[in-house]
Amino acid sequence: MTSLSSTNSNSEIEKWESIYANGDQVNEYPFDYVVSTVKRLTANHEVEVGKFLELGCGTGANLMFAAKEGWQTTGIEMSSSAIEICKELFERQGIDGEWICLNFSDLNLDFEKYSFALDRAAVTHVHPSLALTTWDQVWHSLIPGGFMLTQVFEVSSDSNLAATDPNYSMSRGTGHLSSQPPVCFYSEESLWKWLGDKWELVFMDNVQTLRKNGDKESSRLAWIWCLVRKPITPIA
């Protein structure tokens, strides 16, 4: 089993920096479930267009979509190469955005600033203790009734090399995930345990991706959770 540190190690930072510096994982378009969720919530007036935060924004395709929808966007990313690509792509479109280059272990978000926070398979790459701290930071940064959309990988995925614990495990992934830093795979029960107290569930999807390489087939499962921030409970 591969161990994940409770902070982002230099090797993990260097891995992501290498990925983006080589021009890999430069997505041109936002992910479909990001688009559909944001459009549905705004169309139903469940959230007003305001300030949009993305954790691990990569090269900014999701932020570009949000900015074009009128959101004020902030992207947090540990790779300086990814942020430079973000800036270049935004400048080409004449769109403004804000980027912060730091690790999740150094996160210090402003209180009740954002209406929507996106974690598209970013926090799933850190140790659960750091993931919980990061999700808590997001909760504090959202306005009351603000939303978080998060994607984490599921513990029963074929991509999980260390499925020894029914709740979560940390390992190097296989297939598509093998080129990335270690991944934490979660069960539904562990997510409820860590997220249930401060969030209300809007919807939950379990998405399976099948990949074939010759005669070999592997599956990757991911949880997609849309959550709304519960209000602070007054102290009696």
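Residues numbered from 1 in each chain as written. Predicted model: local features only at pLDDT ≥ 70, side-chain atom pairs only at ≥ 80, totals over all residues. Heavy atoms only, no water.

(A) Quick peek at the overall build of the protein. Assigned secondary structure in the protein consists of 6 helices and 9 strands. Split into buried and exposed, the 236 residues of the protein put 49% on the buried side. For the protein, the proportion of contacts with a sequence separation of at least 24, taken over those separated by at least 6, is 69%. Looking at the protein as shown, the accessible area adds up to about 11,400 Å², and 47% of this sits on carbon and sulfur atoms. (Helix = DSSP H or I, 4+ residues; strand = E, 2+ residues; numbered from the N terminus. Buried < 20%, exposed > 50% of the residue type's maximum accessible area, 1.4 Å probe, protein only. Contact = heavy atoms within 4.5 Å. Areas by Shrake-Rupley, 256 points an atom, 1.4 Å probe, with all protein chains shown as cover.)

(B) Summary view of the pattern of salt bridges. The final tally for this structure, using the stated rule, is 6 salt bridges. Here Lys87 ties to Glu84 by a salt bridge, and the two come within 3.9 Å at their closest N and O atoms. Residue Lys87 and its partner Glu84 are both found in helix H4 (residues 80-93); the two are separated by 3 residues, about one turn of the helix. By relative accessible area, Lys87 is classed as partly exposed at 32%. Between Asp136 and Lys198 there is a salt bridge, with its nearest N and O atoms 3.6 Å apart. Of this pair, Asp136 sits in helix H5 (residues 128-141) while Lys198 sits in the loop between helix H6 (188-195) and strand E8 (199-213), placing them 62 residues apart in sequence. (Salt bridge = Lys/Arg side-chain N within 4 Å of Asp/Glu carboxyl O.)

(C) A look at the layout of surface pockets. One number sums up the size of the second largest pocket: a volume of about 240 Å³. In terms of lining, the second largest pocket is formed by 15 residues, of which the most central are Asn27, Glu28, Met64, Leu89 and Gln93. Elements with a minimum of two residues in the lining of the second largest pocket: helix H3 (61-68) and H4. When the residues that make up the lining of the second largest pocket are grouped by side-chain class, the tally is 8 nonpolar, 4 polar and 3 charged. (1 Å grid on protein atoms, 1.4 Å probe; cavity = no way out; pocket = protein on both sides within 12 Å on 5 of 7 lines; lining within 4 Å. Points joined across faces, edges and corners; volume = space filled by probe spheres on them. Nonpolar A, V, L, I, M, F, W, Y, C, P; charged D, E, K, R; others polar.)

(D) Quick peek at H5. The terminal C-alpha atoms of H5 lie 20 Å apart, and with 14 residues this matches the ideal 20 Å at 1.5 Å per residue to within 8%. Every buried residue of H5 is accounted for by Pro128, Leu130, Ala131, Thr134, Trp135, Gln137, Val138, Trp139 and Ser141. (Expected span 1.5 Å × (residues − 1).)

(E) View of the packing of H3 against H4. It is the contact of H3 with H4, at a shortest axis distance of 10 Å, that shows an interaxial angle of 30°. On the basis of the axis angle, H3 is roughly parallel to H4. Judged by the sense of rotation from one axis to the other, the crossing of H3 with H4 is right-handed. From H3, Leu63, Met64, Ala67 and Lys68 reach across to H4, where they touch Leu89, Phe90 and Gln93. (Axes fitted to C-alpha atoms, helices over the stretch in contact; angles between N-to-C directions. Parallel < 35°, antiparallel > 145°, perpendicular 65-115°, else oblique. Left-handed = near helix turned anticlockwise from the far one by under 90°.)

(F) Molecular detail of the pairing of strand E7 (residues 183-186). Neither face of E7 is open: one carries Val183 and Phe185, the other Cys184 and Tyr186, and all of them are buried. Of the strand pairs in this sheet, strand E5 (residues 142-154) and E7 are connected by 2 bridges, and their pairing is parallel. Of the residues in E7, the one forming a bridge with Glu154 is Tyr186. (Pairing = 2+ DSSP bridges.)

(G) Local environment of the environment of Glu200. Locating Glu200 in the fold gives a position in strand E8. The spacing of Glu200 and Cys226 is 26 residues in sequence and 8.7 Å in space, taken between C-alpha atoms. If near-sequence neighbours (up to four positions away) are discounted, Glu200 is found in contact with Cys226, Leu227, Val228 and Lys230.

(H) Highlighting the confidence of the model for the protein. Looking at the protein as a whole, the pLDDT averages 83, with 78% of positions reaching at least 70. Taken together, the stretch residues 1-6 has pLDDT below 50 and engages in 20 contacts with residues farther than four places along the chain or on a different chain. Predicted confidence is poor over residues 170-177, with pLDDT under 50, and the contacts of this stretch with residues over four places away or in other chains come to 36 contacts. (pLDDT = per-residue confidence, 0-100.)

(I) Main features of the side chain of Thr150. Here Thr150 is to be found in strand E5. A distance of 2.6 Å separates a polar atom in the side chain of Thr150 from a polar atom in the side chain of Asp119. Non-local contacts of Thr150, meaning those with residues more than four positions away in its chain, are made with Asp119, Trp135, Trp223, Ile224, Trp225 and Leu227. (Polar contact = N/O pair within 3.5 Å; in protein donor to acceptor, adjacent residues only side chain to side chain.)

(J) Representation of the packing of aromatic side chains in the model. As enumerated under the stated definition, the model contains 8 aromatic pairs in all. Ring centres of Phe52 and Phe116 lie 5.2 Å apart, and the angle between their planes is 20°; on these two criteria the pair is classed as stacked. Here Phe52, found in strand E1 (residues 51-55), pairs with Phe116, found in strand E4 (residues 114-120); they are 64 residues apart in sequence, far enough to count as distant. According to the relative accessible area criterion, Phe52 is buried, its value standing at 0%. Each ring, one from Trp135 and one from Tyr186, has its centre 6.1 Å from the other, and the planes form 55°; the classification is tilted. On the criterion of sequence distance, the pair formed by Trp135 in helix H5 and Tyr186 in strand E7 is long-range, its members being 51 residues apart. Here the two residues Trp135 and Tyr186 agree in accessibility, since each one is buried. Through pairs of rings, three or more aromatic residues link up here, namely Phe52, Trp71 and Phe116. Its guanidinium or amino end placed over the ring of Trp139, Lys198 lies 5.1 Å from that ring's centre, counting from NZ or CZ. (Phe/Tyr/Trp six-rings, centres within 6.5 Å; stacked < 30°, edge-to-face > 60°. Lys NZ or Arg CZ within 6 Å of the ring centre and 35° of its normal.)

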